[in-house]
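Structural overview
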There are 2 protein chains.
Amino acid sequence: MTEQPAQTTTAGDPATARGEQTRQLIRDTAMRLFRERGYAQTTMRAIAQEAGVAVGNAYYYFGSKDHLIQEFYAQSQVAHRAAAQPVLEREDAFGARLAGVLHAGIDVLTPSHAFAATFFKTAAEPTSPLSPFSAESSGPRQAAIELFGEVLTGSTAKVDAELRPQLPELLWLAYMGVILYWVHDRSPGQTKTRQLIDGAVPLIDRLVGLSRLRVLRPVTRQVLDLIRTLRH
Amino acid sequence: MTEQPAQTTTAGDPATARGEQTRQLIRDTAMRLFRERGYAQTTMRAIAQEAGVAVGNAYYYFGSKDHLIQEFYAQSQVAHRAAAQPVLEREDAFGARLAGVLHAGIDVLTPSHAFAATFFKTAAEPTSPLSPFSAESSGPRQAAIELFGEVLTGSTAKVDAELRPQLPELLWLAYMGVILYWVHDRSPGQTKTRQLIDGAVPLIDRLVGLSRLRVLRPVTRQVLDLIRTLRH
DNA sequence: GTCGGCAGTTGAACACGTTCAAGAAGGGCG
DNA sequence: CGCCCTTCTTGAACGTGTTCAACTGCCGAC
């Protein structure tokens, strides 16, 4: 028991031994309070008190309040993967797979919309380890990109050979765009985000299909070159 | 004495109440300190002290530290407009005008890259009045969209009639995307952002041109319908 | 059995953004 | 001049995230 194979954070948390239990207690308490009261309204003192530990103890396990958000990310990513599984098993058309996985992501996040939105404030800061582009989130990010890789590999779609290796990351980027929209989406139940997915997926689907056309080959290459240049 | 009745504009000062002077002093001090030390490292106490006023006085003029960012935002927008002027007078090709205006925007922001990046964290929060999509920033936003309207109206480009009214806002959205990239751009002098502009503008240019083609008309309409649906 | 080391734990203390009740500074009016 | 009202200014006080020196309890070494 208490085997922790994960390489969760590099920030000097060996966390092999006794305190693992405390760590989980604090994390779960924080998640609960975030959901109940929202992020800003949940104080570190409240988390500590509800968990029955001292404030400083929370900081022993989590470098900052923001790091607790990262925990939420990781959990969401795992839940997203699980929610996408049935879709990946059922569908084989590229469009249906992509739409299904995108919807699954929003499904997972929806219960947390009210407070998750404020997270993205921190996530948008480039210097923050919470940025989806940061080295610290490279674990969850790679897992997410891999998920979109499965969208592609399991599908019947024929994709331009040059585009194919780039596509999973591009789809993940599109997913980030969907989330950005979702965060700002004030429509009841975030129905507009659903419309965005349903509207954008056919376009992406068509675009991916067109990428193989001889006439569009130069454009495809031009776009891919640009993207390769811009990647960090 | 010799005060004009009031409210006439811009002769010497905005002529409103006595504290206008203090307001500007605080604002300018804050901008200077932001540039010198960065946003997080500049405390409200430091701003007040350097400006020679009490802390509470700063809060009389600016509702929060974040509101000082909005001041920066407004100043940048005005500077962007001014920097774009020569381009708008010189160029008449759509691509050249768009590239020029985008570069002008980055030109204006470049000296503040180090600290401007961190304030986008606040801007990304949907609930924040600083969000570029918020009602509170609708003034600067409208001005910015208007700027991209001028990019279009002054150009020789022929644009699909249905696309034309939407295009300024779409170009502004693209500009927001450029800024998002710029914020995360760690390349020296943010040269990659320049490459992004130079690479993306021809694509946008071509896309806008293609929008009039009969074959692509359905796609154009489909995209525009989606956008209209998604607008808040 | 005792002792040393170290993961784990504590809570007071610090710096920060923000608030607020109180006061000062003007200016119009009798 | 004296009065009043609005505008402006003050700084102590509050609640927050975060730090840190001190403490506790456990476990292996001798």
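Description of the structure in this document. (Residues numbered from 1 in each chain as written. Chains lettered and ligands numbered in written order. Predicted model: local features only at pLDDT ≥ 70, side-chain atom pairs only at ≥ 80, totals over all residues. Heavy atoms only, no water.)

Okay, the relation of the copies chain A and chain B next. For the match of chain A to chain B, the screw axis carries a shift of 0.0 Å, the RMSD comes to 0.1 Å, and the turn is 180°. Here the symmetry operator amounts to a two-fold rotation axis. Considering only C-alpha atoms, the residue of chain A closest to the rotation axis is A:Lys121, which sits at 2.5 Å. Mapped onto chain B, 100% of the interface residues of chain A are again interface residues, and the two copies thus contact each other with one and the same surface. (Least-squares fit on C-alpha atoms with pLDDT ≥ 70 in both. Contact = heavy atoms within 4.5 Å.)

In the vicinity of DNA strand C, 20 residues are found, and the nearest of them are A:Ala54, A:Tyr61, B:Arg45, B:Tyr59 and B:Lys65. Between DNA strand C and A:Tyr60 there is a distance of 3.2 Å, counted from a phosphate oxygen to a side-chain nitrogen or oxygen. A distance of 2.8 Å separates a phosphate oxygen of DNA strand C from a polar backbone atom of B:Met44. Looking at the surface near DNA strand C, the elements with two or more residues in it are α3 (55-61) of chain A together with α2 (44-51) and α3 (55-61) of chain B. Among the elements that make up the surface near DNA strand C, the one with the highest residue count is α3(A) (4 residues). Each residue belonging to the surface near DNA strand C can be placed in one class, and the counts come to 8 nonpolar, 7 polar and 5 charged. (Near = heavy atom within 4 Å. Polar contact = N/O pair within 3.5 Å; in protein donor to acceptor, adjacent residues only side chain to side chain. Helix = DSSP H or I, 4+ residues; strand = E, 2+ residues; numbered from the N terminus. Nonpolar A, V, L, I, M, F, W, Y, C, P; charged D, E, K, R; others polar.)

All names here are of chain A. A contiguous nonpolar surface patch, about 450 Å² in accessible area, is contributed by Leu 207, Leu 210, Leu 213, Val 215 and Leu 216. Inspection of the secondary structure puts Leu 213 in the loop between α9 (191-210) and α10 (217-230). In this structure Leu 213 comes out as partly exposed when scored by relative accessible area, which is 41%. (Patch = residues over 30% accessible without salt bridge, like charges linked within 9 Å, V, L, I, M, F, W, Y side chains within 5 Å. Areas by Shrake-Rupley, 256 points an atom, 1.4 Å probe, with all protein chains shown as cover. Salt bridge = Lys/Arg side-chain N within 4 Å of Asp/Glu carboxyl O. Buried < 20%, exposed > 50% of the residue type's maximum accessible area, 1.4 Å probe, protein only.)

Counted by the stated rule, this structure contains 24 salt bridges over all chains. With a closest N to O distance of 3.0 Å, A:Asp160 and A:Arg217 form a salt bridge. One end of the pair, A:Asp160, is in the loop between α7 (138-153) and α8 (167-184); the other, A:Arg217, is in helix α10, with 57 residues separating them in the sequence. Its relative accessible area of 3% is what places A:Asp160 among the buried residues. Take A:Arg217: its relative accessible area is 35%, and that puts it in the partly exposed class. In this structure, B:Arg231 and B:Glu169 form a salt bridge, with 3.5 Å as the shortest nitrogen-oxygen distance. Of this pair, B:Arg231 sits in the segment after α10 (217-230) while B:Glu169 is found in helix α8 (residues 167-184), placing the two residues 62 residues apart along the sequence. Judged by its relative accessible area of 41%, B:Arg231 falls in the partly exposed class.

With that out of the way, let us pick up the interface of chain A and chain B. Listed per partner, the contact involves 31 residues of chain A and 31 residues of chain B. Around 2,900 Å² of area is buried between chain A and chain B when both sides are counted, 65% of it from carbon and sulfur atoms. The interface formed by chain A and chain B holds 6 residue pairs in polar contact (both at pLDDT 80 or more) in total. Every element with two or more residues in the side of chain A that touches chain B is listed here: α6 (113-124), α8, α9 and α10 of chain A. Of all the elements, α9(A) adds the most residues to the side of chain A that touches chain B, at 8 residues. When its residues are assigned to classes, the side of chain A that touches chain B shows 15 nonpolar, 9 polar and 7 charged. (Buried area = accessible area lost by both parts, 1.4 Å probe.)

Residue and element names in this part refer to chain B. Packing of helix α4 (residues 65-90) against helix α7 (residues 138-153) leaves a shortest axis separation of 10 Å and a crossing angle of 10°. By the angle between their directions, the pair α4 and α7 is classed as roughly parallel. Between α4 and α7, the contacting residues are Tyr 73, Gln 77, His 80, Arg 81, Ala 84 and Leu 88 on the first element and Pro 140, Ala 143, Ala 144, Leu 147, Glu 150 and Val 151 on the second. (Axes fitted to C-alpha atoms, helices over the stretch in contact; angles between N-to-C directions. Parallel < 35°, antiparallel > 145°, perpendicular 65-115°, else oblique.)

Moving on, we come to unusual backbone geometry. Among all residues except glycine, the phi angle is most often negative; among peptide bonds, the trans geometry is most common. The backbone of A:Gln190 shows a phi angle near 50°, a positive value even though the residue is not glycine. Here A:Gln190 is to be found in the loop between α8 and α9.

With 18 residues, α8(B) should reach 26 Å at 1.5 Å per residue; the first-to-last C-alpha distance of 26 Å fits that figure. Within α8(B), the full set of buried residues consists of B:Leu167, B:Pro168, B:Leu171, B:Trp172, B:Tyr175, B:Met176, B:Val178, B:Ile179, B:Tyr181, B:Trp182, B:Val183 and B:His184. (Expected span 1.5 Å × (residues − 1).)

This next bit is on the side chain of A:Ser155. Residues and elements named next belong to chain A. Its location among the elements puts Ser 155 in the loop between α7 and α8. Here Ser 155 falls in the buried class, since its relative accessible area comes to 11%. Separated by 3.0 Å, the side chain of Ser 155 and the backbone oxygen of Leu 152 make a polar contact. Once you skip the residues sitting within four places of it in the chain, Ser 155 turns out to touch Asp 92, Ala 93, Phe 94 and Arg 97.

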